[in-house]
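Now for the letters of each chain:
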Amino acid sequence: MIRFFLSRLLQAMPVIFIVITATFFLIRSAPGGPFDADKVVSQEVIERLNERYNLDAPIHQQYFDYLSHLIRGDFGPSFRYTNRSVTEMIGAGLPITFELAIYAIMIALIIGISAGMLAAVRPNTAQDYIPMSLAMTGICMPSFLLGPLLVLVFGIWLQWLPVSGWGYSPGDKILPAITLGSTYAAYIARLTRGGMLEVLNQDYIRTAKAKGLSTSKIIFKHALRGGLAPVVAFLGPAIAGLLAGSFVVETIFQIPGLGRFYVQAAFNRDYTMIMGTTILLSCLIVFLNMLSDLLAVWLNPRLTLDAKH
Amino acid sequence: MPNKILLPVLLSILLLVGCDLGPSNIESATAKQILHLGNGTEPKDLDPHTVTGVPEHNIISALFEGLISVDPATLAPQPAVAESWVISNDGKRYTFTLRDNSNWSNGDPVTADDFVWSWQRMLSPALASEYAYQLFTVKNAQAFNHGELKDFSQVGVKAINSKTLVIELENPTPYFLSLLAHYSTFAVHPPTILAFGERDQAGTLWTRPGNLVGNGPFTLDSWRLNYIIRVKKNPHYWDHETVRLNEILFYPIDSALTEERMFRTGVLHATSSTPLDKIASYQTNDPDKISIDPYLGTYYYRLNVTEKPLDDVRVRRALSMSIDRQAITDSITKGGQIPAFTFTPPNTQGYFANNNSIRYDLALAQQLLSEAGFPNGEGFPEIELTYNTSDGHRRIAVAIQQMWKLALNINVRLSNQDWKVYLSRIQALDYSIARAAWIGDYPDPNTFLDMFVTDGGNNQTGWSNSQYDELIASAASEADEKKRYKIFQQAENLLMDESPIIPIYTYTRVLLKHPQLKGWEPNILDIHPYKYVYLEDSTINGGQ
Amino acid sequence: MATDSLQQYQDVVFDQGRSPWQDAWYRLKQNKLAIISLNFLAALVVICVLTPWLAPYGYETQNLALGASGPSAAHWLGTDIHGRDLMTRLMYGGRISLMVGFAATAVSLVIGVLWGAIAGYVGGLTDTVLMRIVDILYALPFMIFIILLMVVFGRSLLLLFLAIGLIEWLTMARIVRTQVMNIRNQEFVSAAIVTGLSHWQIISRHIIPNIIGPVIVYITLTIPSVMLLEAFLSFLGLGIQPPQSSWGVLISGGVETMEEYPWLLLFPGLTLSATLFALNFLGDGLRDALDPRATSD
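Since we're looking at a predicted model, the values are computed, not measured. Throughout, a residue's number is its position along its own chain's written sequence, starting from 1. Whichever chain is written first becomes A and whichever ligand is written first becomes 1, with later ones labelled in order. Owing to the predicted nature of the model, reporting of local features is limited to residues with pLDDT of at least 70; listing and counting of side-chain atom pairs is limited to 80 or more, with chain, interface and lining totals taken over all residues. Hydrogens and water are ignored here; the side-chain numbers use all heavy atoms of the structure.

### Some points on the pattern of salt bridges
- Each reported salt bridge corresponds to a side-chain nitrogen of Lys or Arg within 4 Å of a carboxyl oxygen of Asp or Glu. Counting across every chain of the model gives 38 salt bridges over all chains.
- A:Asp293 is paired through a salt bridge with A:Arg8; the nearest N and O atoms lie 2.8 Å apart. Of this pair, A:Asp293 sits in helix H12 (residues 271-299) while A:Arg8 sits in helix H1 (residues 2-29), and the two are 285 residues apart along the sequence.
- We classify A:Arg8 as buried; its relative accessible area is 8%.
- A salt bridge links B:Lys278 to C:Glu260; the nearest nitrogen and oxygen atoms lie 2.9 Å apart. Here C:Glu260 lies in the loop between helix H10 (247-256) and helix H11 (263-290) and B:Lys278 lies in the loop between helix H8 (256-264) and helix H9 (279-285), a pairing that spans two chains.
- For every residue, the accessible area obtained with a 1.4 Å probe (protein chains only) is divided by the maximum for its type, and the residue is called buried under 20%, exposed over 50%, and partly exposed between those limits. On the basis of relative accessibility, which here comes to 4%, the residue B:Lys278 falls in the buried class.
- Note on C:Glu260: relative accessible area 18%, which makes it buried.
- Within the structure, one salt-bridge network assembled from shared partners comprises A:Arg8, A:Asp293, C:Asp127, C:Arg174 and C:Arg177. Secondary structure counts use DSSP, requiring at least four H or I residues in a row for a helix and at least two E residues in a row for a strand, with both numbered from the N terminus.

### A word on the packing of aromatic side chains
- Only centres within 6.5 Å qualify two rings of Phe, Tyr or Trp (six-membered ring in Trp) as a pair; their planes then separate them into stacked at under 30 degrees, edge-to-face at over 60, and tilted for everything else. Summed over the entire model, instances satisfying the criterion amount to 44 aromatic pairs over all chains.
- Ring geometry for B:Trp463 against B:Tyr468: centres 5.2 Å apart, planes inclined by 70 degrees, an arrangement best described as edge-to-face. Grouping residues by exposure puts B:Trp463 and B:Tyr468 together as buried.
- When the ring of C:Phe277 is compared with that of C:Phe281, the centres are 6.1 Å apart and the planes differ by 45 degrees; the resulting orientation is tilted. Here C:Phe281 and C:Phe277 lie together in helix H11, a separation of four residues that amounts to about one turn.
- Residue class for C:Phe281 comes out buried when judged on its relative accessible area of 18%.
- Of the aromatic side chains, those joined through ring pairs into one cluster are A:Phe24, A:Phe25, A:Tyr63, A:Phe64 and A:Tyr66.
- Both a distance and an angle decide whether a charge sits over a ring: NZ of Lys or CZ of Arg must be within 6 Å of the ring centre and within 35 degrees of the ring normal. Taking NZ or CZ as reference, A:Arg84 lies 4.5 Å from the ring centre of B:Trp223, over its face.
- Positioned above the aromatic ring of B:Trp238, the side-chain terminus of B:Arg99 is 3.5 Å from the ring centre.

### Examining helix H10 (residues 229-252) of chain A
All names here are of chain A.
- In this scheme, a helix's expected span is set at 1.5 Å multiplied by one less than its residue total. In a regular helix each residue adds 1.5 Å, so 24 residues correspond to 34 Å; H10 covers 33 Å between its end C-alpha atoms and thus fits that length.
- The bend at a residue is defined as the angle formed between two axes, one fitted to the seven residues ending at that residue and one fitted to the seven starting there. Ala244 marks the point of greatest bend in H10, at about 40 degrees.
- Where burial is concerned, most of H10 is hidden: 19 out of the 24 residues are buried.
- A positive backbone phi angle near 50 degrees is found at Gln254, which sits one or two residues after H10.

### Focus: the interface of chain A and chain B
- Tallying the contact residues gives 56 residues for chain A and 64 residues for chain B.
- Here chain A and chain B share four salt bridges between them.
- In this structure, the salt-bridge partner of B:Asp254 is A:Arg260, at a minimum N-O distance of 2.8 Å.
- Definition of a polar contact: a pair of N or O atoms within 3.5 Å, with one able to donate and the other able to accept a hydrogen when the atoms are protein atoms, and with sequence-neighbouring residues admitted only if both atoms are side-chain atoms. For the pair chain A and chain B, the interface holds 27 residue pairs in polar contact (both at pLDDT 80 or more).
- Breaking the side of chain A that touches chain B down by element, the ones donating at least two residues are helix H2 (43-52), helix H4 (86-121), helix H6 (143-157), H10 and helix H11 (258-268) of chain A.
- Broken down by element, the side of chain A that touches chain B gets its largest block of residues, eight residues, from H4(A).
- Residues are grouped as follows: Ala, Val, Leu, Ile, Met, Phe, Trp, Tyr, Cys and Pro are nonpolar; Asp, Glu, Lys and Arg are charged; every other residue, Gly included, is polar. Here the residues of the side of chain A that touches chain B sort into 31 nonpolar, 14 polar and 11 charged. Contact between two residues is taken to exist if any of their heavy atoms lie within 4.5 Å; hydrogens are not considered.

By themselves, these figures tell us nothing about what the structure is for.
Structure follows, in structure tokens:
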């Protein structure tokens, strides 16, 4: 266990380093600088601003300067929001997006797994078709469609729930969480059903059945652990994707989360902000994928952590 | 099964939380005089000398006040920090008397020295203010900003005493007073700036709540990043008795659709934008909630005159004359926009551009194209129409693409680009036809027409005409309004004859606005001084 | 399309002299829902192929004066804000969406399955390196990547397939890897190694049949997300260019006007949903039919 952690930690270093390096040079090769504006900014002003943000230095120099600041934990100032540091902005947006993602994941897991299990227990019956049709509908309804639809029904027609904000008025967290979670719930339902069916056909389950164990016992004691393997593999990147993908939901509901910063930073060419959010995201992905691999082993004891054959 | 319990539980939570939403912002606003405004994007900063955008302008105009402000209805200059002023006969020397009771929000008096200090800051090369050119009409200001002059005492702004400010100009500039109502010329509080950094240092913490000291009708109360900025009434403001609002909340909202939904559910009093497709339904169902006002802006296409076939004026005119502008404003933009055949919007402070050179005339367009060597579009290369990614621009481009196809039988390829890529392409003249827009900085034809002088920063068409340059230069030194407007008319005719641009329509400002909102006068700059704004229920059952 | 993929499975899975393909086909034919879906999809493909001859209008033909109008005798599904016939645009859009959906999914399938299978089967250092590359690709800022692709290559449909495929294969690789590792560590595989079966025989007889289920499920999830991703990329300027359309583009446009012109969302939405349902039922049918352990109940 400890060996697994240490080795993954060791592997994480080059991963994050490569992400930092590639992103640093990629964003600087995209056309348009952070200070280009609609009304043309004079050359003198651009030069001064470049000087202020160290953009006049040769690119390799900028890179090493950035790294040396980074090692000291300094993500630099935002290029767009002139009186904010990247650390401050991430600090403001991350907790909100994190909270939103937690709710969404909970919704997705609870609904997704139970629907998938229901369907897998009696395949090709109504108990299969109804939850799976709902899941398909969920997949056909990406958040940019579901969000406005929920707002229309619950916010505008029924006037049950607020249509915007985060913690501003009671109940304003419900619609965003459902919007973000439902697509994932649909994915998880499909994957659970597939994984469960796979397992339910395995010999050891048939043996258990033959022994006369009750269905619920078979499912919870034996099948579920194996059947969730694809879900778990999907979950690591999905949670990371959830954090990044919350941009759409945050925009629809005017939520001041990190997702909006992450996407806007790219459009604004806010170099330091892109770097900051990307580094954060890469750490998250490495960590979550590690968790997901760990969980896969826990669910299936036949796997070993050090995948040597 | 867990989901048998789950569903009822979820539903009951939904009902419990959902049933009582409490009064909406709008419903409780009148009693408290709290205004809720949609405000576009998150402001880059709140420093009047370093920012450039409209959202920033809206907030800064609540927090600061210049020497001059404008009348909300007529845009005529009116006293603000300056109580009165005298203009010399040659129009080059302005003497301002500051009012005695004008104070900073910490109680300090606003002095003439504060303005001199602030203008030195704004013009200092190190601050790199993008709006520095607003003061270039002041004597030696440009030289100081470009670092050619180090001694600020030679710049034409002097404090004679603590309440008298004298400004010397390079040229008589009829619109100079309007410039003084622009936030880039406002004063900032020197001790506050110096408490958080150097005078010419940008991006310090002085603009944070608790730190910021201003001289406007409101003070900064809280600033939640990308969420809400709240300002409160300033008791030290000289005219605080006029101010009726207690608070204003500014919401940065990226999506017009979200903003409209917030408006509809009573979160906002007014929006900063309106989705195109909602205009018609508001006009039919809620005409008192939508306002359509003239706006000092032109939507147009740039033509790159340095490349074939657009280097031929006949081709450019043919393209311009085959656009059915009326169909675009009627069926696509739908917000009462005015089809444009000149660049300067009609009634720009009494200036009505008059032009017959460009009109919607398919026969003439076809004839011109044929004279240029492309009868019925034969041999005309496929050209690219570039626009920045936006649904509205796409809709217009799609319509025009089809108009050109039908009228001239030419093929146009549409290409949308990310905003920054679009900007860098336009600046590098790496395009054929490109969508553009210009919003006037001040109510004068000059803000439009001086764009197209040779090598003007915002020209970006490659077009150059020495006669045009001379006309614009002579207008700058002409003090008589009638003669000036005549010169501008000549320039306008020349511009349209040569057609380096295709004007499409004159903007209108289409806003959703709650009937509670009073004292919000329409004007072509879309400026609404908050000191005159208040909330009042018009009917007994007002509100929703 | 469907027959092609069946052919592939036949070639890969059943390389012995027996004819399990007929078995599978027989089993599939028993599944009514799957057969209806197959017919529906086939009809859809035929309509899309014949669209230039079937469509009642041109996809770019405008009628600005008419604007957005609801279903009528002249326009069965109504018109959009430029007064273009929605049914025509749906038919033309289907050509793009189906092409993008299948081609980009195929790209992600090939890369993802190979990558994940190699990582899971070989294990050790190879696994580590391959999966860390996946981590890196997950973390790179997607938006910048798209902007750069556009700037460097301009707008092209081929690029769109590539961009989507390159994004979508990552999760496929992770799922396949976990699945392969699961099976790799089971007793019967160890037994097979002991009895001296070659790697290729183990892969083709034991591994592939066992990962088909999750892979098919994930394909049915990938196709819709690819079609919607196409709309997003087209909006950013990477995909198709106006006046062309796709289902995704029509739906995302329809969302913006769903209160004013509901038919602009309803009909494209229904078309996409029906297609996905069909794909899904067919996928499930195929999975059952191809599963070597499937019981006949």
